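Close look at the chain arrangement
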Amino acid sequence: MKIFSVEEAKKTILNRKALNRIDYSPLTIQRTEAYFGKGVTPPQAVEIILNSIEAEGDAALIKWSKLLDRFEGDSILVPQEKLKEAWNNLPVEIQKVLQQAADRIRAFHEKQPIQSWISEDMGGMLGQRFTAIERVGAYVPGGTAPLPSSLLMSVIPAKVAGVKEIYVATPPEVDPSILAAGYLCGVDALYQVGGAQAIAALAFGTETVQRVDKIVGAGNLFVTLAKMQLFGTVGLDGIYGPTETVVIADSSANPAWVAADLLAQAEHDVQATAILLTPDMDLAREVQKEVKEQTAKLSRADIIEVSIDNAGGIVLVDSIDQAAQLGSDFATEHLCLSVQDPEALMDKINNAGGFFLGDHSFEVLGDYVAGPSHVMPTGGSARFNSPLNVLDFVKLSSVVGLEDSSAQELGMIAAELADLEGLTAHAAAARARAVQK
Ligand SMILES: NC(=O)c1ccc[n+]([C@@H]2O[C@H](COP(=O)([O-])OP(=O)(O)OC[C@H]3O[C@@H](n4cnc5c(N)ncnc54)[C@H](O)[C@@H]3O)[C@@H](O)[C@H]2O)c1
Ligand SMILES: N[C@H](CO)Cc1c[nH]c[nH+]1
Ligand SMILES: [Zn+2]
């Protein structure tokens, strides 16, 4: 893991680019050209997929799944009895930990206050009425690693919000743990399809896949690019792409744990980001050594080495305050504060998907069982977006039921403003109320 100066880091690993203009890794370019032809970029490949799903439905879905995921089945829909069978076949201790995680995630999201309200002190009924989104698609990543935890983290907040129909899509072959998690959470259907093609199918609907009102869930570059291209066609939760973690550490931090936390997130994807910001050169060297030694023992060392080489590093900062500013500007998904006083440091930082306070509240707890959803904003979108939560599954409607007297008085103001805008029909509608019934 390379040690950077702040100046070097600002030109490289801390330099955020808009997602669809990033320099794709050679591996990603090579894979995409292998499927779509020389010179085809990932956004162009995604556009090809989306257009074909919209035009050809299931036929295109099967075609892409065969090409991209070596799918050999003939139906995208996994029968519900397969979900129940997978749950029943799980070892009891695995059923127990999935249930424990699900219970904590539910308990956390049930604490989120969602309350419709009506006031009567502005001339009649005025307020906001919350309603759950009717149909939600939850994408569960499963390319390099099946993530049943992601199914819990996407579906449970939707259930707490009152969403009536929840459809899951995840790449084939679907790991039994994901099927079992789908049974545990009571999903309405589970489709064995991944990538951009899954997002397109949920957005447009096909002969087999239910069209939904909103799609949530994390995914790789292709899933994220598909969501970006489908903005407006379907409701979307945000940019929850390749995993990112930034650790801010001082001399109090445990270098072995800092290295372990960086590697945990680096193993998600060749495009994952793992960065340490520290003013302590001794710690930097210790972590560098730990990263090397620990990586050698990890089964996903191949992914880690690419991601660390691609977007990882240690940045030697002048102070913890400078680290806080750099961290906030980077707006990472996970921000781990392994410092003497993490709460005080958090108060100096505005942007992060999730704050993990202290050496013991490590982000892997957040990945599985702390409670908040681990589906968190990436690509710098933590500047304006949040981790997936109950609010993603409700929408509100304004309620206006003014008393006649107030309406007439306000109508005259509206009419003047309509005149100002040259909207004569608006003005006429307002003035029509001014005339006694
Ligand atoms: N931000 C978060 O909250 C969060 C949470 C969990 C996981 N993640 C991220 O989700 C991602 C999971 O990635 P994954 O790849 O394991 O699974 P994935 O399910 O996101 O993507 C796999 C799909 O990508 C498609 N694909 C792969 N290469 C392609 C190519 N060259 N052209 C077109 N399509 C292609 C395949 O069809 C496959 O079904 C990782 O980046 C991980 O870091 C993020
Ligand atoms: N850290 C991931 C979010 O970027 C979530 C996850 C799932 N399983 C393990 N980790
Ligand atoms: Zn993780």
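Values in this document were obtained by computation on a predicted structure and should not be read as measured data.

Description of the UniProt feature "binding site: Zn(2+)" (unreviewed entry) in the chain
Sequence positions flagged by UniProt for "binding site: Zn(2+)" (unreviewed entry) are, in local numbering, Gln265, His268, Asp367 and His426. Taken along the chain, the residues just named run across 162 residues; in space they spread out, the farthest C-alpha pair reaching 55.5 Å. Position of Gln265 relative to the elements: it lies in helix 11 (residues 255-266). Once residues lying within four places of it in the same chain are set aside, the contact partners of Gln265 are Thr243, Thr245, Ala272, His334, Glu363, Val364 and Asp367. The exposure class of Asp367 is buried, given its relative accessible area of 11%. Not counting the four nearest positions on each side in its chain, Asp367 is found in contact with Ser149, Met153, Gln265, His334 and His374.

Re the sheet that holds strand 15 (residues 394-402)
Read from one edge of the open sheet, 3 strands run 3-4-15, paired in antiparallel fashion. With partners counted over all chains shown, the strands left at the sheet margins are strand 3 (117-119) and strand 15, one partner each. For this sheet, the mean angle separating the axes of adjacent strands, direction not counted, is 15°. Strand direction decides the pairing type here: strand 4 (residues 124-132) and strand 15, joined by 9 bridges, are antiparallel.

A closer look at the coordination of the zinc ion (ligand 3)
Looking at the metal site, the zinc ion (ligand 3) is ligated by Gln265 (OE1), His268 (NE2) and Asp367 (OD), spaced 2.2 to 2.6 Å from it. Between consecutive donor residues of the zinc ion (ligand 3), the sequence gaps follow Q-x2-H-x98-D. Of this pair, His268 sits in the loop between helix 11 and strand 11 (273-278) while Asp367 sits in helix 16 (residues 363-368), and the two are 99 residues apart along the sequence.

Observations concerning the layout of surface pockets
In this structure, the second largest pocket occupies an estimated 860 Å³ of space. Taken together, 36 residues form the lining of the second largest pocket, with Gln271, Ala272, Thr273, Asn310 and Ala311 sitting closest to its centre. When residues in the lining of the second largest pocket are grouped by element, the largest group, 6 residues, is from helix 13 (residues 301-311). Here the lining of the second largest pocket is composed, by residue class, of 15 nonpolar, 12 polar and 9 charged.

What counts and what doesn't
Residue numbers here run from 1 along each chain, matching the order of that chain's written sequence. Here the convention is simple: chains get letters from A, ligands get numbers from 1, in the order in which they are written. With the structure being a predicted model, the display of local features is reserved for residues of pLDDT at least 70 and the display and counting of side-chain atom pairs for 80 or more, all residues being used for whole-chain, interface and lining totals. Side-chain numbers come from the whole structure's heavy atoms, not from hydrogens or water. UniProt positions are given in the numbering used here, feature names are shortened, and annotations may be inferred rather than shown by experiment. A run of H or I in DSSP counts as a helix once it spans at least four residues, and a run of E counts as a strand once it spans at least two, with each numbered from the N terminus. By the convention used here, residues are in contact when the closest approach between their heavy atoms is within 4.5 Å. Relative accessible area decides the class of each residue, using a 1.4 Å probe on protein chains only: under 20% of the type maximum gives buried, over 50% gives exposed, and in between gives partly exposed. Should DSSP find at least two bridges between two strands, the strands are taken to pair. For helices, the axis comes from a line fit to the C-alpha atoms of the stretch in contact; other axes are also lines fit to C-alpha atoms, and the angle between any two N-to-C directions lies between 0 and 180 degrees. Sites may look incomplete because water is not among the atoms; the donors themselves are N, O and S atoms within 2.8 Å of the metal, or within 3.2 Å for Na, K and Ca. Put simply, the grid is 1 Å and covers the protein atoms alone, a cavity is a trapped set of points that fit a 1.4 Å probe, a pocket is an open set with protein on both sides within 12 Å along at least five of seven lines, and lining residues have an atom within 4 Å of a point. Grid points are joined across faces, edges and corners, and a volume is the space filled by probe spheres set on the points. Classification convention: Asp, Glu, Lys, Arg as charged; Ala, Val, Leu, Ile, Met, Phe, Trp, Tyr, Cys, Pro as nonpolar; all other residues, Gly among them, as polar.

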